[in-house]
Amino acid sequence: MTALVHVMQQRQRQYKPRQYTERPNLLLQYSDEELYSRYHFRTQDVIYLCDVLRPRQRPTVRSHALTVEEQVLIALRFFAITKSTVGCVVHSVARALSSLLNEYMKFPENEEEISQNKKQFFSIAGMPNTIGVIDCTHIHIQAPHEREWEFVNRKERHSINVQLIGNADLQIINCVVRWPGSVHDSRILRECHIYHRFQQNTPDGILLGDSGYPLLCWLMTPFATVTSNSQQNFNYAHTSTRGTIERINGILKRRFACPNYLRVEPKEACNIICACIVLHNIAQKRRVPMEEDDIPLPEGLIEAPQPHQTDEPAGRAVRSAMNSKFLHT
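Definitions and limits used
- Residues numbered from 1 in each chain as written.
- Predicted model: local features only at pLDDT ≥ 70, side-chain atom pairs only at ≥ 80, totals over all residues.
- Heavy atoms only, no water.
- UniProt positions renumbered as here; feature names shortened; annotations may be inferred.
- Pairing = 2+ DSSP bridges.
- Helix = DSSP H or I, 4+ residues; strand = E, 2+ residues; numbered from the N terminus.
- Contact = heavy atoms within 4.5 Å.
- Axes fitted to C-alpha atoms, helices over the stretch in contact; angles between N-to-C directions.
- Parallel < 35°, antiparallel > 145°, perpendicular 65-115°, else oblique.
- Left-handed = near helix turned anticlockwise from the far one by under 90°.
- Core = buried A, V, L, I, M, F, W, Y, C linked by side-chain atoms within 4.5 Å.
- Buried < 20%, exposed > 50% of the residue type's maximum accessible area, 1.4 Å probe, protein only.
- Salt bridge = Lys/Arg side-chain N within 4 Å of Asp/Glu carboxyl O.

Per an unreviewed UniProt entry, the protein carries the name DDE Tnp4 domain-containing protein and comes from Takifugu rubripes. According to UniProt, the comment filed for the protein under the heading Subcellular location (unreviewed entry) is "Nucleus". UniProt's Sequence similarities (unreviewed entry) comment on the protein is quoted here verbatim: "Belongs to the HARBI1 family."

What follows is the structure in structure tokens.
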């Protein structure tokens, strides 16, 4: 027994405390250009994100735990490139960012914001009274373990169908991120808060959507059959202005490669999508550069046309009144 205790004491004396290597500060290690090339955000933008997320990151008692800066850079690296797996750090940062959605995504409410939106949209192609453009885009995901069939879209791929409304500054001002890929764009619209709100109280302005949406008094779609020059001019102005939402979709999927295919379950996919929307709006507001010409267009970005929806009489009346303004353009 005495010999056993002696051996145990010797083993205890041989114990060496774990040695930690000082981790480099990546914000100091990379130049501004190198940081942007790797993470698609500049140094000051990363510092801003860290300051925003610091209060929302859970404290840990683990020794040598990752700093907020390290967690943010790990997540940004995932968002910026295509990865096959998602780690705990990415999930944590994605949830923290998605919780900021209502702070960084706001629909114009006051008269000044609405007027500014209308002026900016009008300057594109002369489309009057426009406060937003709407469209849906599919974010491809791996086949989920539950209700797999609900996520199969028209292209026979699994996806989340995401509804986005954007402004002329290429910011996302409203989104719906929860529907499986099999759900039609028009149903997502009719089930969303914006639809019920605008049906009850007509907004001071209109949204522009493609023929996959119904023609409503506050949602203008193009003429399905053109029979006059004014209708042709209306459709041209409508298409040119509505193209803003396609640009937003393109920038979102170019700046962050991960939404092109996510190997996660739908719930976590929605968190990551919302996180990318928050990051997109932060990048637009902070004028983070976007070298669109140097980044290939994601496959399947342009959605196939959908069946024309039923026009409502009130919508036809508003479109006819607007069409009269294009008689001499």
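Once the structure has been displayed, the description carries forward.
**Focus on the sheet that holds strand β3 (residues 172-180)**
With mixed pairing, five strands are arranged side by side in an open sheet as β3-β2-β1-β4-β5. Either end of the sheet is taken by a strand with one partner, and the two such strands are β3 and β5 (219-220). The pairing of strand β2 (residues 159-166) with β3 spans six bridges and is classified as antiparallel. Its bridge partner being in β3, I165 is matched across the sheet by N174. Against the sheet, helix α12 (residues 266-285) engages β1 (130-140), β2 and β3, with an angle of about 170° to β3.

**What to know about the packing of helix α4 (residues 43-53) against helix α5 (residues 68-80)**
Relative to each other, α4 and α5 sit at 115°, their axes nearing to 9 Å. Here α4 is positioned roughly perpendicular relative to α5, judged by the angle of their axes. α5 is crossed by α4, and the crossing has right-handed handedness. Side by side, α4 and α5 meet where V46, L49, C50 and L53 of the first sit next to V68, E69, V72, L73 and L76 of the second.

**A word on the side chain of T244**
Here T244 is to be found in helix α11 (residues 229-255). Once you skip the residues sitting within four places of it in the chain, T244 turns out to touch F121, I124, V133, N167, A168 and L170.

**So, the nonpolar core**
Ranked by size, the top nonpolar core spans 70 residues in total, and within it F79 and L262 carry the most contacts. It is α12 that contributes the most residues to this core, 12 residues altogether. Discounting residues that sit within four places of it in the chain, F79 has contacts with V90, A94, L97, R255, F256, A257, C258, I272, A275, C276 and L279. One finds I114, I173, L207 and L216 within the second-largest nonpolar core, a separate group that totals 21 residues.

**A look at the pattern of salt bridges**
Between side chains of opposite charge, a pair can form when the charged atoms approach closely. On inspection of all chains with the given rule, the structure shows 10 salt bridges. One salt bridge connects R286 with D45, and the closest N-O pair in it is separated by 2.7 Å. Taken as a pair, R286 in the loop between α12 and α13 (313-323) and D45 in helix α4 lie far apart in primary sequence, 241 residues in all. Relative accessible area serves as the criterion here: at 29%, R286 is assigned to the partly exposed category.

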